[in-house]
4 protein chains.
Amino acid sequence: MTIAQDVTSQITRLRQHVADLHRELPRNALVVWTAGNVSARVPDADLLVIKPSGVGYDELSADNMVVADLDGNLVDGAYKPSSDTAAHAYVYRHMPHIGGVVHTHSTYATAWSARGEAIPCVLTAMADEFGGEIPVGPFALIGDDSIGRGIVETLSGHRSPAVLMRSHGVFTIGRSARDAVKAAVMCEDVARTVHIARQLGTPLPIEEHHIDALYARYQNVYGQSQPA
Amino acid sequence: MTIAQDVTSQITRLRQHVADLHRELPRNALVVWTAGNVSARVPDADLLVIKPSGVGYDELSADNMVVADLDGNLVDGAYKPSSDTAAHAYVYRHMPHIGGVVHTHSTYATAWSARGEAIPCVLTAMADEFGGEIPVGPFALIGDDSIGRGIVETLSGHRSPAVLMRSHGVFTIGRSARDAVKAAVMCEDVARTVHIARQLGTPLPIEEHHIDALYARYQNVYGQSQPA
Amino acid sequence: MTIAQDVTSQITRLRQHVADLHRELPRNALVVWTAGNVSARVPDADLLVIKPSGVGYDELSADNMVVADLDGNLVDGAYKPSSDTAAHAYVYRHMPHIGGVVHTHSTYATAWSARGEAIPCVLTAMADEFGGEIPVGPFALIGDDSIGRGIVETLSGHRSPAVLMRSHGVFTIGRSARDAVKAAVMCEDVARTVHIARQLGTPLPIEEHHIDALYARYQNVYGQSQPA
Amino acid sequence: MTIAQDVTSQITRLRQHVADLHRELPRNALVVWTAGNVSARVPDADLLVIKPSGVGYDELSADNMVVADLDGNLVDGAYKPSSDTAAHAYVYRHMPHIGGVVHTHSTYATAWSARGEAIPCVLTAMADEFGGEIPVGPFALIGDDSIGRGIVETLSGHRSPAVLMRSHGVFTIGRSARDAVKAAVMCEDVARTVHIARQLGTPLPIEEHHIDALYARYQNVYGQSQPA
């Protein structure tokens, strides 16, 4: 079966890719211990590749990554999938253009989420990447579809690839897993910078049409024209 | 004597394990210089394995770990045990289910302790790991049982595996030394995030029954079903 | 053609030098992901060497550096030049004594820029390196000469080699690219220290004639008498 | 000449030792670029070993350390000594029991110095190492004995091995260079923790007799009984 073979080779590639991308989380100080995870959608299949639950970042490899279906059930792997798998799976089910999801409790972004406050767009780098404020999602308990639904409802029709889930942490999405990791890194960076700016006064606003112009340019012009 | 031989092989294993776990303290920025220590109870013996006093983290190895009895007296080792040994020993004497103890002066947790303020439970990750607030213990001088007694009195019957000893620092406990290290890492992480959240306003409360639900799930479902 | 050959060997040397200097940006925590760049003027030529756009710091090498002319057009290289190339080029066109330019979004400096506030000179190390306050430049959109013009207008006749571009980040200049990198490192260091001093009160002023004396000494006496 | 030979071998040993100790400065995030230095007194000689001026921490080795006399003049070495040599030399001339001096602009300690505020003793670790508050020294310009005199006048008869020189940074002293480095590390650690404690309220005081008891114990009991 040709399709099955294609999918198998995609899974083999994505196991390594997702394991590698996890290294960016501790490297960018977005996580401590085992609290954070990256997943990728398997192209042309209702499957995702994700981190095993409760395993440290140093121990991650292609071998211990887990394959789950889009209901979050284990399909392949020696370990239980991340306890956040249901939320990742919900996003893939309801946002077909999304290829990657990242979850962290990164310090500054989580601090904004603990106050239930959106991060205002007062930096040009934030206009570039997020196209406006980073919004807050609802308080949602783990265990059913609440978190996934909160992510999808908050981000649908929104420019921002990041949502601050109330009292919890950050979820980011992207066309690829690498894009979602980049959004997680940038989200913490602007959460920190805007926090620090606010500590000693009020950041100056950026006019809405300037935000629009920066966002449009960045989405179309920045970087090399290479496959993601 | 079979038991003695078993104990000897346990000590050999724990010397290496405790030396290795100490690496997590500088790695997670919980300590500077030599100020922080990990101990493990030796199963089936009234003994503990702990860091030598005033030795740097780079120099720690199985060889220079110290074995003490549960009154804190040196039993085996070429070095003096940590000056916090009496506090660790007191915990093992009075909490038989505890297999590991960690002490640090990690920055944010110690800052809460300097104000004598408990850390309120306003993050889902804090509900998971601590099941509520992280409490403050009494001011206690080193040199007798005051610190040990303060730890045991504060944590007995409390969900939190961490106590903020007033004007001093953090002690964490766990079924294993690794669990106690994890609690020390998570304690600093939530101490920092809640501090930062509070700098610009008031974190939103999490309802008590949600904290209970998160705590129950995390203690039973999270991670792989493996020996600790 | 002798001159052309000289220029070619300068470019070969500067490709390596500029790639190496980029390592100082993540090492000093001035950047995340790909957001920051260093350039050097090619001596005796209307050319500059700069970072490729959207490429990570780990992947930078002499080979993927880009050569552009002083209008920001690609002259040599397999990659698109940094999207900030026009700003760098503008500086070289209008400040002939400048041999290096650095751009970052380093956290504390960018936080000052987000409030549109100059950093007051309240540290002797700041008097040494900046000779007074670090000034704020205008809000300027990427895409034309606005950023370059803002840098040049703010820094012309000013002692400071650093400008805080409003709501954006930092640009630093130097006789050499290494000097500009040093200014970027020192700018973030003093931005952070003065921020933290201000959090709990008002830093004490340094008298103007003391600032002058410190600046004069540092520019003439400090360091080894070696080629930069 | 036996004495001269002894001194030569001491200098050889101290060149390596002082170069090695400098690694602790970036490792503990006490310095950026080249701004910070360690020196050691040469036993039985009116000499000191110190960092060369303006050389980066990665490039330091026994070979490029500088030997100066206690007036700060170059005695041996291929490089100019640190521009802070006069201050180190003044300390050795006036405090015969001191064997090591360290200078840094570490962030939090320098922030206290910028406000001209002593760090109050509100942590047991601070009572241990500093025996009370960390005092502020005068504003002093580089270039004559002002800085050295400010250090000696502030620390003479004081328990603290650290002084916050106003608007400038920290100097620490110790019986050995290693002790002075430890004091520099601990000074920044408590400066940071007390700062953070103060951000959200008022740290609780520690009674004077408790500070005295902690200081007495720590100076006499802590660590291994080994040569420094």
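Here the structure is shown first, and the text comes after it.
Below or above, wherever it landed, is the structure these notes cover. Fair warning: this is a prediction, and the values are worked out from it, not measured in the lab.

Mapping chain A onto chain C leaves a residual RMSD of 0.0 Å; the transformation is a rotation of 90° accompanied by 0.0 Å of translation along its axis. Both chain copies can therefore be described as sitting about a four-fold axis. In terms of C-alpha distance to the rotation axis, chain A has A:Gln199 as its closest residue, with the C-alpha 5.4 Å off the axis. A low fraction, 3%, of the interface residues of chain A reappear at the interface in chain C, so the copies pair through non-equivalent surfaces.

Attention now goes to the pairing of strand β3 (residues 66-69) of chain A. Residues and elements named next belong to chain A. Burial of the side chains of β3 extends over both faces: Val66 and Ala68 are buried on one face and Val67 and Asp69 on the other. As paired strands, strand β2 (residues 47-50) and β3 are joined by four bridges and run antiparallel to one another. By the bridge assignment for β3, Val49 is matched with Val67. Of the pairings in the sheet, the one linking β3 to strand β4 (residues 74-76) comprises two bridges and is antiparallel in character. Residue pairing in the sheet places Ala68 in a bridge with Leu74 of β4.

The first and last C-alpha atoms of helix α7 (residues 177-199) of chain D sit 33 Å apart over 23 residues, in line with the 33 Å expected at 1.5 Å per residue. Summarising burial for α7(D): 18 of the 23 residues are buried, a large majority.

Our focus in this paragraph is the interface of chain B and chain D. If you look at the interface, chain B gives 30 residues, while chain D gives 33 residues. Roughly 2900 Å² of surface becomes buried between chain B and chain D when both sides are summed, with 61% attributable to carbon and sulfur atoms. Considering only the surface of chain B that becomes buried against chain D, B:Val32, B:Trp33 and B:Arg115 emerge as the three largest contributors, covering 25% of it. On the surface where chain B and chain D come into contact, there are one salt bridge. The residue D:Arg27 makes a salt bridge to B:Asp58 at a minimum N-O spacing of 2.4 Å. Taken together, the connections running from chain B to chain D amount to seven residue pairs in polar contact (both at pLDDT 80 or more). With six residues, helix α4 (residues 107-115) of chain B is the largest single contributor of residues to the side of chain B that touches chain D. Looking at the side of chain B that touches chain D, its residues break down into eleven nonpolar, twelve polar and seven charged.

The next thing to look at is the side chain of A:Asp69. Residue and element names in this part refer to chain A. Its place among the elements puts Asp69 in strand β3. An unpaired buried charge is present at Asp69: no salt bridge exists, and Arg93, the closest side chain of opposite charge, is 6.9 Å distant. One polar contact links the side chain of Asp69 to the main-chain amide nitrogen of Asp71, over a distance of 2.8 Å. Not counting chain neighbours up to four residues away, the residues in contact with Asp69 comprise Asp46, Leu47, Leu48, Val75 and Ala89.

Note: interface size is frequently given as the accessible area lost on complex formation between the parts. Chain A puts 33 residues into the contact, and the matching count from chain C is 30 residues. Where chain A abuts chain C, roughly 2900 Å² becomes buried across the two surfaces, and 61% of that area is made up of carbon and sulfur atoms. For the pair chain A and chain C, the number of links is one salt bridge. Run the count over chain A and chain C and you get seven residue pairs in polar contact (both at pLDDT 80 or more). For the side of chain A that touches chain C, the secondary structure elements donating two or more residues are α2 (24-27), α5 (124-130), α7 (177-199) and α8 (208-221) of chain A. Per element, the largest residue contribution to the side of chain A that touches chain C is eleven residues, and it comes from α7(A). Considering only residue class, the side of chain A that touches chain C consists of 17 nonpolar, nine polar and seven charged.

Where the residue is not glycine, phi is negative for most of them; where a peptide bond is considered, it is trans in most cases. At A:Ser167, a residue that is not glycine, the phi angle is positive and equals roughly 60°. Mapped onto the secondary structure, A:Ser167 falls in the loop between β7 (162-165) and β8 (169-174). At D:Ala29, a position not held by glycine, the phi torsion is positive, near 55°. Tracing the backbone through its elements, the reader meets D:Ala29 in the loop between α2 (24-27) and β1 (36-42).

Now for the relation of the copies chain B and chain D. Mapping chain B onto chain D calls for a rotation angle of 90° and an axial translation of 0.0 Å; the resulting RMSD is 0.0 Å. Taken as a fraction of all interface residues of chain B, those also at the interface in chain D reach only 3%, which identifies the copy contact as different-surface.

With that out of the way, let us pick up the packing of aromatic side chains. If you walk through the whole model with that rule in mind, you get zero aromatic pairs over all chains. For the cation-ring pair, C:Arg115 lies above C:Trp112, with the distance from its terminal atom to the ring centre recorded as 4.9 Å.

Here we take up helix α4 (residues 107-114) of chain C. Counting buried positions over the eight residues of α4(C) gives eight, a clear majority of the element. Against the buried residues of α4(C) lie α7 of chain A together with β7 (162-165), β8 (169-174) and α7 (177-199) of chain C. Downstream of α4(C) by a residue or two, C:Gly116 has a phi angle that is positive, lying close to 65°.

Residues and elements named next belong to chain A. Looking at the element boundaries, Ser176 is found in the loop between β8 and α7. For Ser176, a relative accessible area of 17% puts it in the buried group. Of note is the side chain of Ser176, whose polar atom sits 3.0 Å from the backbone nitrogen of Asp179.

Now for the packing of helix α3 (residues 85-94) of chain B against helix α6 (residues 146-155) of chain B. Residue and element names in this part refer to chain B. Remark: α3 packs on α6, axes separated minimally by 8 Å, with the N-to-C direction vectors making an angle of 45°. Looking at the two axes, α3 sits oblique to α6. Remark: the crossing between α3 and α6 carries right-handed chirality. Of the residues in α6, those touching α3 at Ala87, Tyr90, Val91 and His94 are Ile147, Gly148, Arg149, Ile151 and Val152. Its residues assigned to classes, the contact of α3 with α6 shows six nonpolar, two polar and one charged.

Residue and element names in this part refer to chain A. Reading across the sheet, the eight strands line up as β4-β3-β2-β1-β5-β8-β7-β6 and stay open at both edges, with mixed pairing between neighbours. What marks the edges here is a single partner per strand, and that holds for β4 and β6 (136-137). Pairing of strand β1 (residues 36-42) with β2, which is carried by four bridges, proceeds in the antiparallel orientation. Directly across from Arg41, in β2, lies its bridge partner Leu48. Of the strands in this sheet, β7 and β8 are in contact with helix α4 (residues 107-115), which crosses β7 at around 55°.

In this section: the pattern of salt bridges. Inspection of every chain in the model, using the stated rule, returns 48 salt bridges over all chains. The closest approach of N and O atoms between D:Arg23 and D:Asp20, which form a salt bridge, is 3.0 Å. Linking D:Arg93 and D:Asp71 is a salt bridge whose minimum nitrogen-to-oxygen distance equals 3.5 Å. Pair noted here: D:Arg93 is in helix α3 (residues 85-94) and D:Asp71 is in the loop between β3 (66-69) and β4 (74-76), with a separation of 22 residues, a long-range link. Ionic contacts of the salt-bridge type, sharing partners, join the residues A:Glu24, A:Arg27 and C:Asp58 into one network.

Cut-offs and rules
Residues numbered from 1 in each chain as written. Chains lettered and ligands numbered in written order. Predicted model: local features only at pLDDT ≥ 70, side-chain atom pairs only at ≥ 80, totals over all residues. Heavy atoms only, no water. Least-squares fit on C-alpha atoms with pLDDT ≥ 70 in both. Contact = heavy atoms within 4.5 Å. Buried < 20%, exposed > 50% of the residue type's maximum accessible area, 1.4 Å probe, protein only. Helix = DSSP H or I, 4+ residues; strand = E, 2+ residues; numbered from the N terminus. Pairing = 2+ DSSP bridges. Expected span 1.5 Å × (residues − 1). Buried area = accessible area lost by both parts, 1.4 Å probe. Salt bridge = Lys/Arg side-chain N within 4 Å of Asp/Glu carboxyl O. Polar contact = N/O pair within 3.5 Å; in protein donor to acceptor, adjacent residues only side chain to side chain. Nonpolar A, V, L, I, M, F, W, Y, C, P; charged D, E, K, R; others polar. Lys, Arg positive; Asp, Glu negative; His and termini not counted. Phe/Tyr/Trp six-rings, centres within 6.5 Å; stacked < 30°, edge-to-face > 60°. Lys NZ or Arg CZ within 6 Å of the ring centre and 35° of its normal. Axes fitted to C-alpha atoms, helices over the stretch in contact; angles between N-to-C directions. Parallel < 35°, antiparallel > 145°, perpendicular 65-115°, else oblique. Left-handed = near helix turned anticlockwise from the far one by under 90°.

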